[in-house]
Amino acid sequence: MKTELMLRKGIELAEAIHAVGVIAFLPRTPYSATVEVFWADEGYLDIWKDLTMHQALESVQQHIRDAAIQVSLEKDLSEGTLVGVFPHAILVYSIEDAAGMIDLESFGQIVPMPVMKAALTLAMEIGAEGREGRAVGTAFIIGDGDLILANSHQLILNPYWGHPREITSILNRENWESVKEFAQLDGIFVIDRDGSVLAAGRYMDVDLRSVTLPGGLGGRHRAVAAITKLIPVAGIIISESGGIVRLYRDGVCRLTLRSDVSMHP
């Protein structure tokens, strides 16, 4: 009953303010709405348990921010509002704020925005879904393919060698399944500026000592940070632990997202 009430009030608010959608951090329940409703995979979030009021507020703000970024990527939105419905709170969030957190336009000289959006969305799905019931960690290096290949070497036979762009481009969602499958392999994906996957199972030839990262981040993070510092490329890492997605440029982490806050209509 409480879940249905919270959802109904959230939908009413969204319709009243002409929001572009509702993000429900609740167990699925029947509803009627003129706005699109997205359901967070986490389901029921007992955000108040063992948290102070301040901590709980920070938690819901983080969840709605990450969810709004994913909606803005998925729906290619740069403006409007979203209503987040939690078990004990309803929040209104600006998509402009979410889009500003990403600032993909600043990557335009090295990676076109459609390719960056596709890579981030794919990374979020890998982090949320894993593979065959287990978590998966991997990374993408995106930019001038020849330059990336010149600063790396193959760990295994390249499963993408010789294949046409039609079946290697991440701009086509039908090709994402193969990326998710090969994400289980050791090494890193190389993605060209046009979105073509040139290689999987790649090892970056970089000096890991050239970057300083927070404790707890392993060799893959250091390799990605180091290659983005060495050459003008973007790096996306999906952590096996927790499914955290990080975006690197110039050796610095520019964005951190929780992939477990993933939505389905």
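Use the structure listed above.
Read on for an overview of the structure. In this text, all values refer to a predicted model and were calculated from it rather than measured experimentally.

### Considering the packing of aromatic side chains
What characterises a pair of aromatic rings is the spacing of the ring centres plus the angle enclosed by the ring planes.
Turning to step 1, where the next piece is worked out: In this structure the tally under the stated criterion is five aromatic pairs.
Turning to step 2, where the next piece is worked out: Relative to F182, the ring of Y160 has its centre 5.5 Å away and its plane inclined at 75°; by these criteria the two rings are edge-to-face. Taken together, the positions of Y160 in the loop between β6 (152–154) and α6 (176–182) and F182 in helix α6 put the pair 22 residues apart, joining distant regions of the chain.
Turning to step 3, where the next piece is worked out: Ring centres 6.4 Å apart and planes at 65° place the aromatic pair Y160 and F189 in the edge-to-face group. Residue Y160 is found in the loop between β6 and α6, and its partner F189 is found in strand β7 (residues 188–192); the two are separated by 29 residues along the sequence. By the burial criterion, Y160 is buried, and F189 matches it.
Turning to step 4, where the next piece is worked out: What links up through ring pairs into an aromatic cluster is the set F140, Y160, F182 and F189.

### Some remarks on the sheet that holds β7
Turning to step 1, where the next piece is worked out: Sheet architecture is open: seven strands sit in the order β6-β8-β7-β5-β9-β10-β11, paired in mixed fashion. If you trace the sheet from one side to the other, it starts and ends with β6 and β11 (252–258), each paired once. Going from strand to strand, the sheet's axes swing by 30° on average, the running direction of each strand aside.
Turning to step 2, where the next piece is worked out: Sheet topology places strand β9 (residues 234–238) next to strand β10 (residues 244–249); five bridges connect them, and they run antiparallel. Residue G235 lies in a different strand from β10, and its bridge partner there is Y248.
Turning to step 3, where the next piece is worked out: Against the sheet, helix α4 (residues 113–129) contacts β5 (138–143), β7, β9, β10 and β11, and its axis sits at roughly 15° relative to β9.
Turning to step 4, where the next piece is worked out: Each of β5, β7, β8 (197–204), β9 and β10 touches helix α7 (residues 219–230); the most contacted strand, β9, lies at about 170° to it.

### Examining unusual backbone geometry
Turning to step 1, where the next piece is worked out: For H18, which is not a glycine, the phi torsion comes out positive at approximately 60°.
Turning to step 2, where the next piece is worked out: Residue position: H18 is located in the loop between α1 (2–16) and β1 (21–24).
Turning to step 3, where the next piece is worked out: Not every positive phi belongs to a glycine, and D250 is a case in point at roughly 55°.
Turning to step 4, where the next piece is worked out: With respect to the element layout, D250 can be found in the loop between β10 and β11.

### Details of the pattern of salt bridges
Turning to step 1, where the next piece is worked out: Taken as a whole and assessed by the stated rule, the structure comprises eight salt bridges.
Turning to step 2, where the next piece is worked out: We note a salt bridge from E125 to K180, for which the minimum N-O separation is 2.7 Å. Taken as a pair, E125 in helix α4 and K180 in helix α6 lie far apart in primary sequence, 55 residues in all.
Turning to step 3, where the next piece is worked out: With a shortest N-O distance of 3.1 Å, D207 and R209 are connected by a salt bridge.
Turning to step 4, where the next piece is worked out: We classify D207 as partly exposed; its relative accessible area is 37%.
Turning to step 5, where the next piece is worked out: Here R209 falls in the exposed class, since its relative accessible area comes to 73%.

### Some remarks on the environment of V85
Turning to step 1, where the next piece is worked out: Note that V85 resides in strand β3 (residues 81–86).
Turning to step 2, where the next piece is worked out: C-alpha of V85 to C-alpha of A24: the two residues are 61 residues apart in sequence and 4.9 Å apart in space.
Turning to step 3, where the next piece is worked out: Setting aside anything within four residues of it in sequence, one finds V85 in contact with M6, L7, G10, V22, I23, A24, F25, L26 and I90.

### Quick notes on the side chain of K180
Turning to step 1, where the next piece is worked out: A relative accessible area of 9% means that K180 is categorised as buried.
Turning to step 2, where the next piece is worked out: K180 has contacts with L122, E125, I126, E129 and R131, leaving out every residue within four places of it along the chain.

### Observations concerning the nonpolar core
Turning to step 1, where the next piece is worked out: Grouped together as the largest cluster of nonpolar side chains are 33 residues, with contacts concentrated most on F140, I170 and I236.
Turning to step 2, where the next piece is worked out: Per-element accounting of this core gives the leading share, nine residues, to α4.
Turning to step 3, where the next piece is worked out: The contact partners of I170, leaving out residues within four places of it in the chain, are V115, A118, A119, L122, W176, I191, G195 and V197.
Turning to step 4, where the next piece is worked out: Counting residues in hydrophobic clusters, the runner-up holds 20 residues, among them A139, A199, A223 and V233.

Here is what the cut-offs are and how they apply
- Residues numbered from 1 in each chain as written.
- Predicted model: local features only at pLDDT ≥ 70, side-chain atom pairs only at ≥ 80, totals over all residues.
- Heavy atoms only, no water.
- Phe/Tyr/Trp six-rings, centres within 6.5 Å; stacked < 30°, edge-to-face > 60°.
- Helix = DSSP H or I, 4+ residues; strand = E, 2+ residues; numbered from the N terminus.
- Buried < 20%, exposed > 50% of the residue type's maximum accessible area, 1.4 Å probe, protein only.
- Pairing = 2+ DSSP bridges.
- Axes fitted to C-alpha atoms, helices over the stretch in contact; angles between N-to-C directions.
- Contact = heavy atoms within 4.5 Å.
- Salt bridge = Lys/Arg side-chain N within 4 Å of Asp/Glu carboxyl O.
- Core = buried A, V, L, I, M, F, W, Y, C linked by side-chain atoms within 4.5 Å.

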